[in-house]
Amino acid sequence: MQDKVGKIFIYMLLFIPVSWFFAFYLHNKSLAFATSIIAIVPLARIIGFSTKEVALQTNPAFGGLINVTFGNLVELIIAVISLSAGLIEVVKASLIGSIIGNLLFLVGISAFFGGWKYKEMKFNKTSVSVSSTMLIIAVAGLAIPSVYALTAVNPEPQHIQYLSDSVAIAMALIYIAGLVFALITHNYLFDATDEIKASREKPTISRNKALLILIIATIFVAIESELLVSGFEAAAEIIGLREVFIGAIFLGIVTNIAENANSVHFALENKIDLSIEIGLSSAIQIALFVVPVLVFISQFMGYGFLLTFSAFELVALVLSVIILNYVTADGKTNWIEGAQLLTVYLIIAAAFYFI
Amino acid sequence: MEDKVGRIFLLMLVFIPISLFFAFVIHSPTLTFIASVLAIVPLARIVGFSAKEIALRSNVTLGGFLNVIFGNLIVLMIAAFAMRKGLIEIVKAAVIGSIIGNLLLLIGLSIFMGGLKYKEQIFNKDSTGVSSTMLIIAVAGLAIPSVYALTVESEIHHVQYLSDSVALVMALIYIAGLVFAYFTHNYIFDSSDDIKAAKEKPTTTLERAVLILILAVVFVAFEAWLLVGNIEVAASVFGLREFFFGAVVVALITNVAEKSNAIYFALENKINLSIEIGMSSAIQIALFVVPVLVFISQFLHYGFLLSFTAFEIVCVMFPVMIISYLSAGGKTNWLEGAQLITVYLIIASAFYFI
């Protein structure tokens, strides 16, 4: 099954030259946008694969670090290029969208399809509960500066900038602390999960080859992201959707499509543990790693990306976290829980449509 | 270890004459403020100690009552003096800051330090479960009148009535919680070290304990008066805004510092006690100190209402959410402590700019 999926992904690489054809020969920005999105899907998978290969050939702690750093490379590249094009609100919406997408859509669809095959699926509550606490911290970090900016009587922009920076530092530090916890001091807590077992596979290619593939794929992702971002506004106009909606729902799902596919696949093999872990850890990485990095980059380059999200985005975020924590608190899932998560996702997506 | 700390606290009593010197000889408001703050820390400990000694010799009801009253006496005094001077916003900030400081910083430091020594520490989920429900009630009590005041175009009268009735309800559920813990369901808490610690033998005579208590209270009242009298000048000299000053500096010094023994309990692998101290202090502030301040303010017309800003409400909600989530787990490790401290730092840095 994995192989068949893999082959489909390889064919999708054809969309790289197709997107170039649209962009540089036909000069059709919206078609270039559509094809570049499709081209990014297999590239994200290749980056994930080669990162894992590199990680397997170093020590476990360093390997874990590489995995989490490059696991979000695609999101990071798209976000930085969008910021340099001034699409700050779109970037914010897509960050919120991918957190919500990971928590509700990815976990929901996995629990739903897995639940059709198995009446009840069990998972390791301990490692999930470490992640859910982290998730609440992430939400607090995104919410406090935003609420400050929303409610302060007349906040000086300089203060919001300082607050944003210091919160980003605190978030980055606790993220590093979480890595130290999971990889060094308390790695036995996570040892039992299949994820570590899976990462103990034998490597299939040499480290240098994996590094080369990683670098080439990253360059292609950067090019495709450039096409995606430059066609973004034109495409939004033609499709008739608002930019925020495309950022939050469309980009949020498309850039994660490989992870979504993997996670449903694991659920169908009765490894719902792994699906939930993928969803939770991606959401945490975006909030506690991608967001602080974007704040720091923006600080140096003067892009003006601050931790100020809209009240609606915050409410959507808090709701998703609360619901996910309730659903995962009992250590088992069934299809209705998956359907419930998907329902909340659809409700939030519908609201994003009208923003 | 406890003894060494006790000695340091006793040495800090030197700051009582020092504060007098700064206040009446040198006439320096800032130095007086600092000295009075430092003098209050050991006095708070002495008040707590002598109140416990008296409580040990009386019956459970009176003992519990004494512990609650004198455990919060200093906060109440400072708040009352500050309200009389019209510093309502600082009082509100100190209330919010004490709740957050107890829940996040005190418990967070305890869990973190304890977690560095022990890989995993286990606590009694049943007693923290009761406390975390109480905390949610406390947040509801603070939030509902505030949200009403923020969102409904209302007469100040109505906010006053709402504030009074909510304060009454909060005080009643607080008393109900004491009845639950001391009488009807004391077996839930019996197993915890908290009660065992309270069953210690008294170390001084009753007369001596009463005398010490009265003396300490007199000194506390005096130092609190000095502290409040110089608070505005000190805040402006330090270049801090009044809100940050109330929520972080005043709250930590007057309420959280005296409970620093929670950290020592964690290092002795009694994390249960540390969590109980932090949670019950936060509950006492919200469900006992706040209603008392509302009643005092009602009689003396200080204008202290249960109307907090939206930002303050959000800042209280996150700690309560995280604590109730964490207390459901039944065990702690250093990362959980670090997480609590992180949230405290995030909130404190936002307070800095308010």
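Residues numbered from 1 in each chain as written. Chains lettered and ligands numbered in written order. Predicted model: local features only at pLDDT ≥ 70, side-chain atom pairs only at ≥ 80, totals over all residues.

A. Focus on the overall build of chain A. If you tally the helices and strands in chain A, you get 17 helices and two strands. Counting only C-alpha atoms, chain A reaches 50 × 50 × 40 Å along its principal axes. The proportion of buried residues among the 355 residues of chain A is 52%. For chain A, long-range pairs separated by at least 24 residues make up 84% of all intrachain contacts whose partners lie at least 6 apart in sequence. (Helix = DSSP H or I, 4+ residues; strand = E, 2+ residues; numbered from the N terminus. Buried ≥ 20, exposed ≤ 12 C-beta atoms within 10 Å, placed from the backbone. Contact = placed C-beta atoms within 7 Å.)

B. Examining the confidence of the model for chain A more closely. Residue and element names in this part refer to chain A. Per-chain confidence: chain A averages 82 in pLDDT, with 93% of residues scoring 70 or above. Ranking the elements of chain A by mean pLDDT puts helix α10 (residues 194–199) last with 49 and helix α6 (residues 88–117) first with 89. Predicted confidence for residues 192–196 stays below pLDDT 50, and this span has 12 contacts to residues more than four positions away or in other chains. (pLDDT = per-residue confidence, 0-100.)

C. A look at the interface of chain A and chain B. Each partner contributes to the interface: chain A provides 27 residues, whereas chain B provides 24 residues. Breaking the side of chain A that touches chain B down by element, the ones donating at least two residues are α7 (125–151) and α8 (157–185) of chain A. The biggest single contributor to the side of chain A that touches chain B is α7(A), with 13 residues. Classifying every residue of the side of chain A that touches chain B by side-chain character gives 18 nonpolar, nine polar and no charged. (Nonpolar A, V, L, I, M, F, W, Y, C, P; charged D, E, K, R; others polar.)

D. Spatial organisation of helix α7 (residues 125–151) of chain B. Here α7(B) spans 37 Å end to end across 27 residues, near enough to the 39 Å set by a 1.5 Å rise per residue. Among the residues making up α7(B), those that are buried are Ser127(B), Thr128(B), Ser131(B), Ser132(B), Met134(B), Leu135(B), Ala138(B), Gly141(B), Leu142(B), Ala143(B), Pro145(B) and Ser146(B). (Expected span 1.5 Å × (residues − 1).)

E. Highlighting the environment of Ala224(B). All names here are of chain B. In this structure, Ala-224 sits in helix α11 (residues 206–229). Since 25 C-beta atoms lie within 10 Å of it, Ala-224 is described here as buried. Taking the C-alpha atoms as reference points, Ala-224 and Ser-36, 188 residues apart in sequence, are found 7.2 Å from one another. Sequence-distant contacts of Ala-224, defined by excluding residues within four places in its chain, comprise Ile-40, Ile-74, Met-77, Ile-78 and Phe-81.

F. The packing of helix α5 (residues 73–84) of chain B against helix α6 (residues 88–117) of chain B, seen in detail. All names here are of chain B. Closest axis-to-axis distance for the α5/α6 pair is 8 Å, and the angle between their directions is 155°. Relative to α6, α5 is oriented roughly antiparallel. In this structure, α5 crosses over α6, and the sense of that crossing is left-handed. The segment α5 lies against α6, with Val-75, Ala-79, Ala-82 and Met-83 engaging Ile-88, Ile-90, Val-91, Ala-94 and Ser-98. Among the residues forming the contact of α5 with α6, the class breakdown is eight nonpolar, one polar and no charged. (Axes fitted to C-alpha atoms, helices over the stretch in contact; angles between N-to-C directions. Parallel < 35°, antiparallel > 145°, perpendicular 65-115°, else oblique. Left-handed = near helix turned anticlockwise from the far one by under 90°.)

G. Just the nonpolar core, in detail. All names here are of chain B. By size, the foremost hydrophobic cluster in this structure holds 242 residues, and its most contacted members are Ile-40, Val-47, Val-343, Tyr-344 and Ile-347. The element that contributes the greatest number of residues to this core is α6, accounting for 16 residues. Beyond its immediate stretch of four places on either side in the chain, Ile-40 contacts Ile-74, Val-220, Glu-223, Ala-224, Leu-227 and Thr-254. (Core = buried A, V, L, I, M, F, W, Y, C linked by C-beta atoms within 7 Å.)

H. The arrangement of α11(B) in detail. Residue and element names in this part refer to chain B. The terminal C-alpha atoms of α11 lie 34 Å apart, and with 24 residues this matches the ideal 34 Å at 1.5 Å per residue to within 8%. Of all the residues in α11, the buried ones are Ala-209, Leu-213, Ala-216, Val-220, Glu-223, Ala-224, Leu-226, Leu-227 and Val-228. Looking at the buried residues of α11, the elements they touch are α2 (15–26), α3 (29–57), α5 and α12 (231–238).

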